[in-house]
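# Coordinate analysis (summary)
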Amino acid sequence: MSADITIYTQNERIRAMLCALAEKYPAAQCELNYDNPFHLLVAVILSAQCTDKRVNEVTKELFKVYDTPADFASADIEKLQSLIFSCGFYRNKSASIISASRDIVARFNGEVPSDFDNLLSLKGVGRKTANVVMSVAFGGNNIAVDTHVYRVSRRLGLSGGKTPFDVEKDLMSTIDERDWSEVHHLLIFHGRYCCKSQRPLCSECPVSVHCVNSPAVTHT
Ligand code: SF4
């Protein structure tokens, strides 16, 4: 056996990957603009299948018209649709925002709940949205599996899960809980800026040596 071959345990491999990603993306964090947990919740709902840049452009104007959960709860849905139109899926997104807002007003006295189960119980709020709000707004240890986290986790061999929830469970079982939120942001940044959906930039990838899909690595 060659002396310079490094044999990694699975834990060492994951640790080395995360260190390399942390070095590459020292500013990895939520790129959505928000003033409070409710604005973040709205922004995350709008961000499905849309760029954070576009969402930030839309929410900058949107929150001048509708600001609080009470405002959105009584919003005119056609007006809301026109305001968020450019984010895509504007019918579903406006319905989700109004439903969640009504729930927050009716069940939580107008305050976004700060525990995961209550967040997830809001109409129109899915698991990814609840995890992002918990992690970013309330400092929880959560892994939100969006399209980037799902794709990168599978490419890196961190999960073979066939659904976002399966990937979330795999990541939670193999990564230290205290690192979950940071890992979530690192995987998003890596998916957004390097391990892109159609054309991953493998020649620039800081974790290619660990990647089961890297063209630079021969797997037997
Ligand atoms: S080597 Fe390529 S496919 Fe693997 S994580 Fe890096 S960019 Fe993605």
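Definitions and cut-offs
Residues numbered from 1 in each chain as written. Predicted model: local features only at pLDDT ≥ 70, side-chain atom pairs only at ≥ 80, totals over all residues. Helix = DSSP H or I, 4+ residues; strand = E, 2+ residues; numbered from the N terminus. Expected span 1.5 Å × (residues − 1). Bend = angle between axes of the 7 residues up to and from the residue. Buried ≥ 20, exposed ≤ 12 C-beta atoms within 10 Å, placed from the backbone. Contact = placed C-beta atoms within 7 Å. Axes fitted to C-alpha atoms, helices over the stretch in contact; angles between N-to-C directions. Parallel < 35°, antiparallel > 145°, perpendicular 65-115°, else oblique. Left-handed = near helix turned anticlockwise from the far one by under 90°. Nonpolar A, V, L, I, M, F, W, Y, C, P; charged D, E, K, R; others polar.

## Things to note about helix α3 (residues 52–65)
Count 3.6 residues to each turn of an α-helix, and residues three or four apart come out pointing the same way. An ideal rise of 1.5 Å per residue puts 20 Å on 14 residues; α3 measures up with 20 Å between its terminal C-alpha atoms. The axis of α3 is deflected most strongly, by about 30°, at T59. Those residues of α3 that sit buried are V55, V58, T59, L62 and F63. Buried residues belonging to α3 abut α2 (37–46) and α5 (77–84).

## A few points about the packing of helix α1 (residues 10–24) against helix α11 (residues 180–193)
The geometry of α1 relative to α11 is characterised by a closest axis approach of 10 Å and an angle of 65° between their N-to-C directions. The orientation of α1 relative to α11 falls into the category roughly perpendicular. The two elements α1 and α11 meet at a crossing, and its hand is left-handed. Each of L18, L21 and A22 in α1 lies in contact with α11, whose residues at this interface are V183, L186 and H190. Residue composition of the contact of α1 with α11, by class: five nonpolar, one polar and no charged.

## With respect to the environment of Q10
Within the secondary structure, Q10 sits in helix α1. Judged by the 10 C-beta atoms lying within 10 Å of it, Q10 falls in the exposed class. Separated by 199 residues in sequence, Q10 and V209 have C-alpha atoms that sit 14 Å apart.

## Notes on the packing of α2 against α3
Closest axis-to-axis distance for the α2/α3 pair is 10 Å, and the angle between their directions is 135°. On the basis of their axis angle, the class for α2 and α3 is oblique. As α2 runs across α3, the sense of the crossing is right-handed. Here H39, V42, A43 and L46 of α2 come into contact with α3, specifically with V55, V58, T59 and F63. Here the residues of the contact of α2 with α3 are counted per class, giving six nonpolar, two polar and no charged.

It is worth stressing that arrangement in space is one thing and function is another; only the former is reported here.
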